[in-house]
Amino acid sequence: YVVMVKMMQLLAVGQLEEREFQRQDGSVKKIKFRMLTLTDGVDTIYGETSERLIGQVEASDQQLRLKLLEGHVYNCDFNIRANEYEKDGKKSRFVAITINKLYPFL
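Conventions adopted
- Residues numbered from 1 in each chain as written.
- Predicted model: local features only at pLDDT ≥ 70, side-chain atom pairs only at ≥ 80, totals over all residues.
- Heavy atoms only, no water.
- Core = buried A, V, L, I, M, F, W, Y, C linked by side-chain atoms within 4.5 Å.
- Buried < 20%, exposed > 50% of the residue type's maximum accessible area, 1.4 Å probe, protein only.
- Helix = DSSP H or I, 4+ residues; strand = E, 2+ residues; numbered from the N terminus.
- Pairing = 2+ DSSP bridges.
- Axes fitted to C-alpha atoms, helices over the stretch in contact; angles between N-to-C directions.
- Contact = heavy atoms within 4.5 Å.

### Observations concerning the nonpolar core
Link 1 in the chain: Counting residues in hydrophobic clusters, the biggest one holds 15 residues, and the most contacted among them are Leu 36, Leu 38, Leu 53, Leu 68, Cys 76, Ile 99 and Leu 102.
Link 2 in the chain: When contributions to this core are tallied by element, the ones reaching two or more residues are strand S1 (2-13), strand S4 (35-39), helix H1 (51-58), strand S6 (73-87) and strand S7 (90-104).

In structure tokens:
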């Protein structure tokens, strides 16, 4: 798992979605997320927002709210996590990108 901070241009903001996942203790938690598409001009990433970032975007208090503007450049803090797994005798790798924070680049 790697943490990166990079200046990225926001290309697309997905719809607010919700999904459930099962915790290790067996309880179920619902999380909200948006898919974001960002680029640094060379690489493009498709990342899922963290719950913390959703709170910043959805907040009613205007001082907390971060308006995500397509085409704008942000300093982006994100995690990259790769998991290897085996299915039907074939080994594969799943890479997940979670976007934790976006800071407007002035």
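### As for the sheet that holds strand S5 (residues 44-49)
Link 1 in the chain: Here we have 5 strands rolled up into a closed barrel, ordered S1-S4-S5-S7-S6, and mixed in their pairing. Neighbour-to-neighbour, the strand axes of this sheet turn through a mean angle of 55 degrees, independent of strand direction.
Link 2 in the chain: Two elements, S1 and S4, share 4 bridges in a ladder whose sense is antiparallel. When the sheet's bridge partners are listed, Val 13 is paired in S4 with Leu 36.
Link 3 in the chain: Contacts from H1 reach S4, S5 and S7 within the one sheet, and its direction differs from that of S7 by about 35 degrees.

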